[in-house]
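Here's the letter readout for the chains.
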Amino acid sequence: MKFFIDTANLAQIREAYDLGVLDGVTTNPSLMAKEGITGQDNVIKHYIDICDIVDDNVSAEVIATTFDEIIKEGEALAALNEKIVVKVPMIKDGVKAIKYFTDKGIRTNCTLVFSAGQALLAAKAGATFVSPFVGRLDDISTDGLALIEDIRLIYDNYGYETQILAASVRHPMHILECAKIGADVITAPLSAITALLKHPLTDSGLAQFLADHAKAAAAKP
């Protein structure tokens, strides 16, 4: 399973990359704004800065909602760097644009997916990634992980190559459950990724090893 980090924070992206587990980055206008990145020129520069850190798979989201404008914006984003994946919303013109981009060899990430039917349409159009939002479904008392299971079943039934990118992942249990289900990718905040490192028995075991080593070292003649 691939690990993407969901942020526009360059320091967090570097930290995840240095950990040795990062396969890509997802971001969106809200995350850009959170980091104080405003204005189209600054957003473009920030995407380039992200590409300079990671090896591949930087999802850059279009703001447009009509076919012609999605194409114009998406082609401009794709031209920035070969690592860019054009992030397109799950709307009618978005699906049409995904088909266009696919035919042009431009990778896409279909975002804001909340149903298996939407995921099926994205795969039919040739999306590289489809992003079902696990946490946002949980927020409205709907089982987000069940959606991942449904999409996995449908894609396996028909051999779709579109990768399931579990988005809106909030905590380490989301990551582990997505791994069990067979999501191809998760995108999560740094805190959820690094939480996988932690276990109280690891901490107590390491403390005991260090204490025993200190005793042994002090006992040397």
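Please refer to the structure placed before this passage.
One structure accompanies this document, and this report is about it.

Rules behind the numbers
Residues numbered from 1 in each chain as written. Predicted model: local features only at pLDDT ≥ 70, side-chain atom pairs only at ≥ 80, totals over all residues. Heavy atoms only, no water. Helix = DSSP H or I, 4+ residues; strand = E, 2+ residues; numbered from the N terminus. Polar contact = N/O pair within 3.5 Å; in protein donor to acceptor, adjacent residues only side chain to side chain. Contact = heavy atoms within 4.5 Å. Patch = residues over 30% accessible without salt bridge, like charges linked within 9 Å, V, L, I, M, F, W, Y side chains within 5 Å. Areas by Shrake-Rupley, 256 points an atom, 1.4 Å probe, with all protein chains shown as cover. Salt bridge = Lys/Arg side-chain N within 4 Å of Asp/Glu carboxyl O. Buried < 20%, exposed > 50% of the residue type's maximum accessible area, 1.4 Å probe, protein only. Phe/Tyr/Trp six-rings, centres within 6.5 Å; stacked < 30°, edge-to-face > 60°. Lys NZ or Arg CZ within 6 Å of the ring centre and 35° of its normal. Arc of directions from axis to C-beta. Pairing = 2+ DSSP bridges. Axes fitted to C-alpha atoms, helices over the stretch in contact; angles between N-to-C directions. Disulfide = S-S within 2.5 Å.

## A word on the side chain of threonine 187
No. 1: Of note, threonine 187 is situated in strand β8 (residues 185-188).
No. 2: At 3.5 Å, the side chain of threonine 187 forms a polar contact with the backbone nitrogen of aspartate 6.
No. 3: In this structure threonine 187 touches Phe4, Ile5, Asp6, Thr26, Leu165, Ala166, Ala167, Ser168 and Val169, once residues within four positions along its chain are discounted.

## Quick notes on a nonpolar patch on the surface
No. 1: On the surface, Leu19, Val21 and Leu197 cluster together into a nonpolar patch covering about 260 Å² of accessible area.
No. 2: With respect to the secondary-structure elements, leucine 197 resides in the loop between α10 (190-194) and α11 (200-218).
No. 3: Using a relative accessible area of 58% as the deciding quantity, one classes leucine 197 as exposed.

## As for the packing of aromatic side chains
No. 1: In this structure the tally under the stated criterion is six aromatic pairs.
No. 2: Plain terms: the ring middles of tyrosine 100 and phenylalanine 101 are 5.8 Å apart, the flat faces sit at 70 degrees to each other, and that makes the pair edge-to-face.
No. 3: Measuring from centroid to centroid gives 6.3 Å for tyrosine 158 and tyrosine 160, while their planes differ by 50 degrees, and the two rings are tilted.
No. 4: Above the face of the phenylalanine 67 ring, lysine 96 is positioned so that its terminal group lies 5.2 Å from the ring centre.

## Things to note about helix α6 (residues 116-125)
No. 1: Where α6 is concerned, the buried positions are Ala119, Ala122, Ala123 and Ala125. Viewed along the axis of α6, the buried residues span an arc of 160 degrees, placing them on a single side of the element.
No. 2: Those residues of α6 hidden inside the fold are in contact with α5 (92-103), β5 (108-113), β6 (129-132) and α8 (144-158).
No. 3: Directly after α6, the chain includes glycine 126, whose backbone phi takes a positive value near 100 degrees.

## So, the sheet that holds β8
No. 1: Read around the closed barrel, the eight strands follow the order β1-β2-β3-β4-β5-β6-β7-β8; overall the barrel is parallel. Across this sheet, the average inter-strand angle for adjacent strands is 30 degrees, counted without regard to direction.
No. 2: In the sheet, strand β4 (residues 84-89) pairs with β5 via four bridges, with the strands oriented parallel. Bridge pairing links lysine 87 to asparagine 109 in β5.

## Notes on the environment of phenylalanine 3
No. 1: When you line up the elements, phenylalanine 3 lands in strand β1 (residues 2-6).
No. 2: By relative accessible area, which is 15% here, phenylalanine 3 ends up buried.
No. 3: In this structure phenylalanine 3 touches Val21, Leu22, Asp23, Gly24, Ile175, Ile186, Ile193 and Leu196, once residues within four positions along its chain are discounted.

## Comments concerning the state of the cysteines
No. 1: By the definition in use, this model includes zero disulfides.
No. 2: Looking at cysteine 110, it has no disulfide partner, and the nearest cysteine sulfur is the one in cysteine 178, 17 Å off.
No. 3: In this structure cysteine 110 comes out as buried when scored by relative accessible area, which is 0%.

## Regarding helix α9 (residues 172-181)
No. 1: Among all positions in α9, only His174, Ile175, Cys178 and Ile181 are buried. An end-on view of α9 places all buried positions within 130 degrees of arc, on one side of the element.
No. 2: Packing partners of the buried residues in α9 comprise β1, α7 (134-139), α8, β7 (163-166), β8 and α10.
No. 3: Backbone geometry just after α9 places glycine 182 at a positive phi near 110 degrees.

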